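# Structural overview
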Amino acid sequence: MDTTPADTEGVTAIFRRVLETDDVGADSDFFLLGGDSLIATRVLSALARTYGVELSFEDFVLAPTPAGLVQLIAAAT
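Here we summarise the structure given alongside this text.

About the thresholds
Residues numbered from 1 in each chain as written. Predicted model: local features only at pLDDT ≥ 70, side-chain atom pairs only at ≥ 80, totals over all residues. Heavy atoms only, no water. Phe/Tyr/Trp six-rings, centres within 6.5 Å; stacked < 30°, edge-to-face > 60°. Buried < 20%, exposed > 50% of the residue type's maximum accessible area, 1.4 Å probe, protein only. Helix = DSSP H or I, 4+ residues; strand = E, 2+ residues; numbered from the N terminus. Expected span 1.5 Å × (residues − 1). Polar contact = N/O pair within 3.5 Å; in protein donor to acceptor, adjacent residues only side chain to side chain. Core = buried A, V, L, I, M, F, W, Y, C linked by side-chain atoms within 4.5 Å. Contact = heavy atoms within 4.5 Å. Axes fitted to C-alpha atoms, helices over the stretch in contact; angles between N-to-C directions. Parallel < 35°, antiparallel > 145°, perpendicular 65-115°, else oblique. Left-handed = near helix turned anticlockwise from the far one by under 90°. Nonpolar A, V, L, I, M, F, W, Y, C, P; charged D, E, K, R; others polar.

We now examine the packing of aromatic side chains. Counted under the stated rule, the structure contains 6 aromatic pairs. Look at Phe 30 and Phe 31: their rings are 5.2 Å apart centre to centre, the planes differ by 90°, and that puts the pair in the edge-to-face class. Using a relative accessible area of 0% as the deciding quantity, one classes Phe 30 as buried. Their ring planes at 90° and their centres at 4.8 Å tell us that Phe 30 and Phe 60 sit as a pair that is edge-to-face.

Glancing now at helix α2 (residues 37-51). The periodicity of an α-helix, 3.6 residues per turn, causes residues three or four positions apart to be oriented the same way. For α2, spanning 15 residues, the distance from its first C-alpha to its last is 20 Å, which sits close to the expected 21 Å at 1.5 Å a residue. Looking at α2, one finds that the buried residues are Ala 40, Val 43, Leu 44, Ala 46, Leu 47, Ala 48 and Tyr 51. Capping of α2 at its N-terminal end is provided by Asp 36; its side-chain oxygen lies 3.0 Å from the backbone amide nitrogen of Leu 38. After α2 finishes, the residue Gly 52 shows a positive phi value of roughly 70°.

Of note, Glu 20 is a non-glycine position whose phi angle comes to about 55°, a positive value. Tracing the backbone through its elements, the reader meets Glu 20 in the loop between α1 (8-19) and α2. Overall, Glu 20 belongs to the exposed group, its relative accessible area being 71%.

A few words on the nonpolar core. Core analysis: the largest hydrophobic core is formed by 19 residues, its most contacted members being Val 11, Phe 15, Val 43, Leu 47 and Phe 60. Breaking this core down by element, the ones donating at least two residues are α1, α2 and α4 (66-76). For this core, the element with the most residues is α2, which contributes 6 residues. Those residues within four positions of Leu 47 in sequence are excluded, and the remaining contacts are Val 11, Ile 14, Gly 52, Val 53, Leu 55, Leu 69 and Ile 73.

This paragraph deals with the packing of α1 against α2. Axis separation between α1 and α2 bottoms out at 10 Å; the angle between their running directions is 140°. With respect to each other, α1 and α2 are oriented oblique. For the pair α1 and α2, the sense of crossing is right-handed. Touching Gly 10, Val 11, Ile 14, Phe 15, Arg 17, Val 18 and Leu 19 of α1 are Ile 39, Arg 42, Val 43, Ala 46, Leu 47, Arg 49, Thr 50 and Tyr 51, all from α2. Class assignment for the residues of the contact of α1 with α2 results in 10 nonpolar, 2 polar and 3 charged.

Next comes the structure, spelled out in structure tokens:
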């Protein structure tokens, strides 16, 4: 599978698309922006498709920002 290296802008774009808001930055907390566990599964699925890394919901809860997720993706690859 050909995957793209994770970058903050790419993960931020996924948050913006899933949450349907442009008000997302690298340090924006997914849950404080109104995201919930159901919507989080859409983000995790998009991350897996885009970056080829399967993160758990627990991973997401521990790092609910684009910058935090980029670090987890980088550590997993």
